[in-house]
Amino acid sequence: MTSLGPVQFIAVGFPEDATYEGRIIAQIERIEVSGVLRVLDVLFVRKDPATGELQTIDVQSEELQALAGAQSLGVSRREVEGVGDELAPGQAAGMILVEHVWARDLAEAIESTGGGILAQGLLGPAAMEEIVAELAATD
């Protein structure tokens, strides 16, 4: 299997009256072109207003299909259903799976010197607010 950097799953919600106008797809394309992140999977889910059933559109990259082979490496059915459970009829969600290519390349450089990653993780806005508050309290 090809070396893979840290992979992040992001889910965002949209109200029933959201207007997409191509801005999200344009931003995803910019991310791909930048080379620092690789978009592995994009999934759009909408809860049908009449039936409550989930409707999905999956845009899996060729790289992900090649890496996954016979196994599922993208957004899992459990993740889709978990996000779908949060949606009211008519609402939608977008899910994206991205590889942090910059982190993979940095890790390879570190490992080539004999070093190794001791810890890694992603911090969301709430965690950053806590850190900033703690730092401010120490001043």
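## Focus on the nonpolar core
Next up, step 1: Counting residues in each nonpolar core, the largest one holds seven residues, listed as Leu 43, Val 45, Val 80, Val 83, Leu 87, Ala 93 and Met 95.
Next up, step 2: Of all elements in the fold, only strand E2 (37-47), helix H3 (77-86) and strand E4 (92-100) reach the threshold of two or more residues within this core.
Next up, step 3: With residues up to four places along the chain from it excluded, the contact list for Ala 93 reads Val 12, Gly 13, Phe 14, Leu 43, Phe 44, Val 45, Val 83 and Leu 87.
Next up, step 4: Membership of the second largest hydrophobic core comes to six residues, among which are Ile 28, Leu 37, Val 42 and Val 98.

## Concerning helix H5 (residues 125-138)
Next up, step 1: Over its 14 residues, H5 extends 20 Å from the first C-alpha to the last, a length consistent with the 20 Å expected when each residue adds 1.5 Å.
Next up, step 2: With zero of its 14 residues buried, H5 lies for the most part at the surface.

## Here's the deal with the confidence of the model for the protein chain
In low-pLDDT segments, the atomic positions of the prediction should not be examined closely.
Next up, step 1: With 87% of its residues at a pLDDT of at least 70, the protein chain reaches an overall mean of 83.
Next up, step 2: For the protein chain, per-element mean pLDDT is lowest for helix H2 (residues 62-68), which scores 56, and highest for helix H4 (residues 101-112), which scores 90.
Next up, step 3: When the criterion is pLDDT under 50, residues 68-73 qualifies, and its contacts beyond four places in sequence or with other chains add up to four contacts.

## Focus on the pairing of E4
Next up, step 1: Burial runs high along E4: nine of the nine residues are buried.
Next up, step 2: Alternating residues of E4 divide into Ala 92, Gly 94, Ile 96, Val 98 and His 100 and Ala 93, Met 95, Leu 97 and Glu 99, and every residue in both groups is buried.
Next up, step 3: Sheet topology places strand E1 (residues 7-14) next to E4; eight bridges connect them, and they run antiparallel. Within E4, the residue paired with Phe 9 across the bridge is Leu 97.

## A few points about the environment of Ile 24
Next up, step 1: Along the chain, Ile 24 turns up in helix H1 (residues 23-34).
Next up, step 2: For Ile 24 and Gly 94, which are 70 residues apart along the polypeptide, the C-alpha to C-alpha distance reads 9.6 Å.

About the criteria used
Residues numbered from 1 in each chain as written. Predicted model: local features only at pLDDT ≥ 70, side-chain atom pairs only at ≥ 80, totals over all residues. Heavy atoms only, no water. Core = buried A, V, L, I, M, F, W, Y, C linked by side-chain atoms within 4.5 Å. Buried < 20%, exposed > 50% of the residue type's maximum accessible area, 1.4 Å probe, protein only. Helix = DSSP H or I, 4+ residues; strand = E, 2+ residues; numbered from the N terminus. Contact = heavy atoms within 4.5 Å. Expected span 1.5 Å × (residues − 1). pLDDT = per-residue confidence, 0-100. Pairing = 2+ DSSP bridges.

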